[in-house]
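Structural overview for review
Listed below, chain by chain, are the residues.
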Amino acid sequence: MAQPNSSYTELLSLTVQELEDELFDNILTKNAFSATLKQNGSVVPKDGGPQIVIPIMFAENGSYARYSGPQFLNTSQNDVFSSFYYDWKQIAIAIQAHGRELMQNSGRSQNRDLIKSRVMNAKATFENEFNIDMLSDGTGSGGLQIGGAQLLIANTPTSGTVGGISRSTYTFARNQFYRATTDGGAAMSSANIATYMDALDVSIQAYRGKTKTILADNATYRFFEAAVHPLQRINDTQGQLAKIGFNTYRYKQAEVVLEPTVSGMPANTMYFIDPEVLELNPHSQRNLVRLPKRDSYNQDAQIEYLAWMGALTCKNFLRLGVLNNA
């Protein structure tokens, strides 16, 4: 015999399950930064541990010495290995209903659109908020936010700490940067943006950086677009982001793509991204998964959560860069 009010619970569970399946992979393709990491195989699940630890080689062997004949050789011990570490960050989003809706949704009065709408709203909310986190400086919600582009590719990389390493002390923890007004002598415009991009690109290439994607806010994207239009440089159709629906332009070996300020991108900014040195590390058991359904102890309500845990990590900051108007 069919249970008289099982329809809603089953529908909620099944609909949330549909949302969960391969959900995170689909979300990653909606925004340029996360899509770059996904398309380049830089979304790498991790199994656990107190923190995400990235071993690095931060210096050369200092015993290298040129000599002649019986000259004494360098026998000094050298420290060349260390690690960056990143704290796990957690995200949850709820899909819920109260008893009145459960009753109204029973039998012939079921409102499947209501449930599906809530599920799709949860998906859209996660997409938007996760992109804001990916571009953030990690200070949101009292430091519980993912440390995003504004932290890892800092405007002032000579101060602060990243990955547990002091940037004021260790130069290997600093990204490249170019300030249009300070270093170039004038604010960015369509007349000078390519020159400024070239200057930053040379700094990155000095450390064998391979920029694949350049994230551009509204203003810098328009400057670059205006600069390349007269040269008949048509939108790139062969790049990885272009193939999944983004409008991009070619700059050397990279795709220039709009990352709107409304999505969390800082104004008058370009980020030069080398996906070989960046990783998005979701926990292998908490990669936007469905938690057990819960009944409120003091309310006539049911609730389910989709939960994620992970971090955005970097293993070589010297191969990343930021261009801004400072």
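Below is a short write-up of the structure.

The rules we used
- Residues numbered from 1 in each chain as written.
- Predicted model: local features only at pLDDT ≥ 70, side-chain atom pairs only at ≥ 80, totals over all residues.
- Heavy atoms only, no water.
- Helix = DSSP H or I, 4+ residues; strand = E, 2+ residues; numbered from the N terminus.
- Expected span 1.5 Å × (residues − 1).
- Buried < 20%, exposed > 50% of the residue type's maximum accessible area, 1.4 Å probe, protein only.
- Arc of directions from axis to C-beta.
- Salt bridge = Lys/Arg side-chain N within 4 Å of Asp/Glu carboxyl O.
- Pairing = 2+ DSSP bridges.

With that settled, the discussion passes to helix 9 (residues 193-205). Under the 1.5 Å per step criterion, the end-to-end length of helix 9 is 18 Å for 13 residues, consistent within 8% with the ideal 18 Å. Of all the positions in helix 9, only Ile193, Tyr196, Met197, Leu200, Asp201 and Ile204 are classed as buried. Projected onto a plane normal to the axis of helix 9, the buried residues spread over an arc of 135° and lie on a single side. Along helix 9, the residues that are exposed and aim more than 90 degrees away from the buried face are Thr195 and Val202.

This part takes up the pattern of salt bridges. Scanning the entire structure with this criterion turns up eight salt bridges. Between Asp183 and Arg179 there is a salt bridge, with its nearest N and O atoms 2.9 Å apart. Residue class for Arg179 comes out partly exposed when judged on its relative accessible area of 27%. Here Glu276 makes a salt bridge to Arg319, at a shortest N to O gap of 2.8 Å. Residue Glu276 is located in the loop between strand 10 (269-273) and strand 11 (278-290), and its partner Arg319 is located in the loop between strand 13 (301-314) and strand 14 (321-324); the two are separated by 43 residues in the primary sequence. In this structure, a network of salt bridges that share partners links the residues Lys210, Asp274, Glu276 and Arg319.

All right, on to the pairing of strand 14 then. The alternating pattern of strand 14 places Gly321 and Leu323 and Val322 and Asn324 on opposite faces, both of which are buried. Judged from the four bridges that link them, strand 6 (residues 176-179) and strand 14 form a sheet pairing that is parallel. Within the sheet, the bridge partner assigned to Arg179 lies in strand 14 and is Asn324. In this structure, strand 10 lies alongside strand 14, joined through four bridges in antiparallel fashion. Across the sheet, residue Thr269 finds its bridge partner in strand 14, namely Asn324.

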